[in-house]
Amino acid sequence: MLAGLFRSNQPAVLLVLPVVVAGLFLPCFWHEPVALGMMMPLAAAVASMIGPSAWAGVLLGLLLVMSIAVQLALLMNALEFMDRRNHLVAFLFPIALAGLGGGLGYDPALLGMPFVLMAQRRTWSVGNTDPALGASFNAGLLIGLAAMCYLPYAFLLSVLWASSSVIRPFAWREYVLPVVGMALPFYFAWVVLNLTDRLPWKPLHTILSPDADPMILSGSSVQVAFMVLLALVILVALFAFSSGYARSIIRGKNLRSSLLAFALALMVIMFMLHLIKGSFPAVLAAVPCAIFGGYAFVAPKKAWLAEFAALGLCALALWVRW
């Protein structure tokens with residue numbers, strides 16, 4: 001069934017992903033598009049290229065959802081976060097995003113997430129004895145590009161520092177270069193805005209704008225049931241994660257610690273956004289839910305129970321969307 005299909009290491013299973021995404025997000029084509037408020041320069045540039053077409057925004061959103069799902073699967077497999085290679089994360093991400101109420105179309109936070117994942121992979125791929133100055137700068141530059149889409153992603157610079165602290169011996173330049181890399185997109189954005197007479201530039205207003213984020217929707221009993229089932233899956237997954245952490249060698253422990261730091265940083269961003277404006281983009285919750293949820297399905301003690309949970313999540317997510 002679903003969990004067994006995506007538990008496979010065969011890349012061909014990713015051909016099923018567009019069917020899953022289309023089934024979950026097809027209703028977006030006839031729903032009203034989400035009104036976006038003030039945006040960071042890169043997100044605003046993409047929005048201007050899309051124009052007023054609601055269908056173009058939905059199509060871009062679907063492409064972003066599929067690209068993030070594939071990126072997550074490649075990241076988990078390349079760095080061997082799990083005991084066996086699989087594509088469960090690619091299946092769980094659109095399910096979590098749909099069930100939590102996100103993915104309604106073009107979203108600056110969704111646009112920036114591919115840059116975030118590329119930055120994390122760049123940082124985590126460096127060994128403890130490999131030269132890392134170039135990787136550190138590139139990771140900071142990617143975080144800067146992500147922040148040009150959605151400003152709160154700038155906080156993920158702390159994840160680069162935390163990852164370097166557990167993966168590699170201390171070298172002060174590897175902590176300074178990510179800051180320089182992240183600052184460059186901000187500097188060039190300021191230069192362009194200055195040359196085009198669009199100053200003053202107020203990045204913080206993109207966070208405070210009340211309608212800037214497609215938020216986790218509230219209230220419906222179906223969505224509450226989805227969140228309860230998802231919470232149970234993640235609870236089981238955390239036990240599996242801790243068991244894998246205990247069995248892993250030093251490199252594996254360091255990478256899993258970095259993964260925890262990434263999830264914790266996203267939780268901090270969600271908490272701060274909730275305090276400031278009462279909402280946050282669903283993609284911020286869907287990514288860690290998909291990453292850790294995969295541990296519950298990779299080697300279940302009772303396969304029928306895992307299949308039941310996967311089918312339940314998919315059915316509830318479809319119910320939420322339709």
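Residues numbered from 1 in each chain as written. Predicted model: local features only at pLDDT ≥ 70, side-chain atom pairs only at ≥ 80, totals over all residues. Heavy atoms only, no water.

1. What to know about the nonpolar core
Counting 109 residues, the largest nonpolar core has Phe93, Tyr153, Leu156, Phe262 and Phe297 as the members making the most contacts within it. What Phe93 contacts, discounting residues up to four positions off in sequence, is Val65, Ile68, Ala69, Leu72, Val283, Ala286, Val287 and Ala290. (Core = buried A, V, L, I, M, F, W, Y, C linked by side-chain atoms within 4.5 Å. Buried < 20%, exposed > 50% of the residue type's maximum accessible area, 1.4 Å probe, protein only. Contact = heavy atoms within 4.5 Å.)

2. Re empty space enclosed by the protein
Using a probe with the size of a water molecule, rolled over the atoms, empty space left in the structure can be pinpointed. Counted according to the given criterion, the structure contains 4 cavities of 30 Å³ or more. Size it by volume and the largest cavity reaches roughly 110 Å³. Of all elements in the fold, only helix H7 (133-149), helix H8 (157-167) and helix H9 (173-195) reach the threshold of two or more residues within the lining of the largest cavity. When residues in the lining of the largest cavity are grouped by element, the largest group, 4 residues, is from H8. The residue makeup of the lining of the largest cavity, split by class, is 8 nonpolar, 3 polar and 2 charged. (1 Å grid on protein atoms, 1.4 Å probe; cavity = no way out; pocket = protein on both sides within 12 Å on 5 of 7 lines; lining within 4 Å. Points joined across faces, edges and corners; volume = space filled by probe spheres on them. Helix = DSSP H or I, 4+ residues; strand = E, 2+ residues; numbered from the N terminus. Nonpolar A, V, L, I, M, F, W, Y, C, P; charged D, E, K, R; others polar.)

3. Details of the layout of surface pockets
In this structure, the largest pocket occupies an estimated 570 Å³ of space. Within the residue set of the lining of the largest pocket, elements represented by two or more residues are helix H11 (221-247), helix H14 (295-298) and helix H15 (303-321). Residue contributions to the lining of the largest pocket peak at 9 residues, all from H11. Partitioning the lining of the largest pocket into residue classes produces 17 nonpolar, 2 polar and 5 charged. Taken as a whole, the second largest pocket spans an internal volume of roughly 440 Å³. Put simply, the parts of the chain that give the lining of the second largest pocket at least two residues each are helix H3 (41-50), H7 and H9. Sorting elements by how many residues they give to the lining of the second largest pocket places H9 first, with 5 residues. Residues belonging to the lining of the second largest pocket are distributed by class as follows: 16 nonpolar, 2 polar and 2 charged.

4. Observations regarding a nonpolar patch on the surface
The grouping of Phe155, Leu208, Leu264, Met267, Val268, Phe271, Met272, Leu275 and Ile276 at the surface amounts to a nonpolar patch, some 890 Å² of accessible area in total. For the nonpolar patch, the element with the highest residue contribution is helix H12 (residues 250-277), accounting for 7 residues. Secondary-structure assignment places Leu208 in helix H10 (residues 205-208). (Patch = residues over 30% accessible without salt bridge, like charges linked within 9 Å, V, L, I, M, F, W, Y side chains within 5 Å. Areas by Shrake-Rupley, 256 points an atom, 1.4 Å probe, with all protein chains shown as cover. Salt bridge = Lys/Arg side-chain N within 4 Å of Asp/Glu carboxyl O.)

5. Describing the packing of H11 against H15
It is the contact of H11 with H15, at a shortest axis distance of 9 Å, that shows an interaxial angle of 155°. In terms of orientation, H11 lies roughly antiparallel with respect to H15. Every pair of crossing elements has a handedness; the one defined by H11 and H15 is left-handed. Listed contacts from H15 to Val222, Gln223, Ala225, Phe226, Leu229, Leu230 and Val233 of H11 are Ala309, Gly312, Leu313, Leu316, Ala317, Trp319 and Val320. Its residues assigned to classes, the contact of H11 with H15 shows 12 nonpolar, 2 polar and no charged. (Axes fitted to C-alpha atoms, helices over the stretch in contact; angles between N-to-C directions. Parallel < 35°, antiparallel > 145°, perpendicular 65-115°, else oblique. Left-handed = near helix turned anticlockwise from the far one by under 90°.)

6. Let's talk about unusual backbone geometry
Generally, phi is negative for residues other than glycine and the peptide bonds are trans, each holding for most cases. Note the cis peptide between Leu199 and Pro200, where omega equals 5°. Here Pro200 is to be found in the loop between H9 and H10. Backbone geometry at Glu80 places phi at a positive 55°, although glycine is not the residue there. With respect to the helices, strands and loops of the structure, Glu80 is situated in the loop between helix H4 (54-78) and helix H5 (88-99).

7. As for the packing of aromatic side chains
Two numbers describe a pair of aromatic rings. These are the distance of the centres and the angle of the planes. The full count for this structure, using the stated rule, is 11 aromatic pairs. With centroids separated by 5.3 Å and ring planes inclined at 70°, the aromatic side chains of Phe241 and Phe292 adopt a geometry described as edge-to-face. Of the two residues, Phe241 sits in helix H11 while Phe292 sits in helix H13 (residues 282-293), which places them 51 residues apart along the sequence. Look at Phe241 and you get buried, because its relative accessible area is 5%. Aromatic ring contacts, followed pair by pair, group Phe81, Trp124 and Phe262 into a single cluster. Residue placement shows Lys253 over the ring face of Tyr245; its charged tip is 4.7 Å from the ring centre. (Phe/Tyr/Trp six-rings, centres within 6.5 Å; stacked < 30°, edge-to-face > 60°. Lys NZ or Arg CZ within 6 Å of the ring centre and 35° of its normal.)

8. Some points on the environment of Met118
Among the secondary structure elements, Met118 is positioned in helix H6 (residues 108-124). What makes Met118 partly exposed here is its relative accessible area of 37%. In sequence terms Met118 and Gln71 are 47 residues apart; their C-alpha atoms lie 8.2 Å from each other. When neighbours within four sequence positions are excluded, Met118 is seen to be in contact with Gln71 and Leu142.

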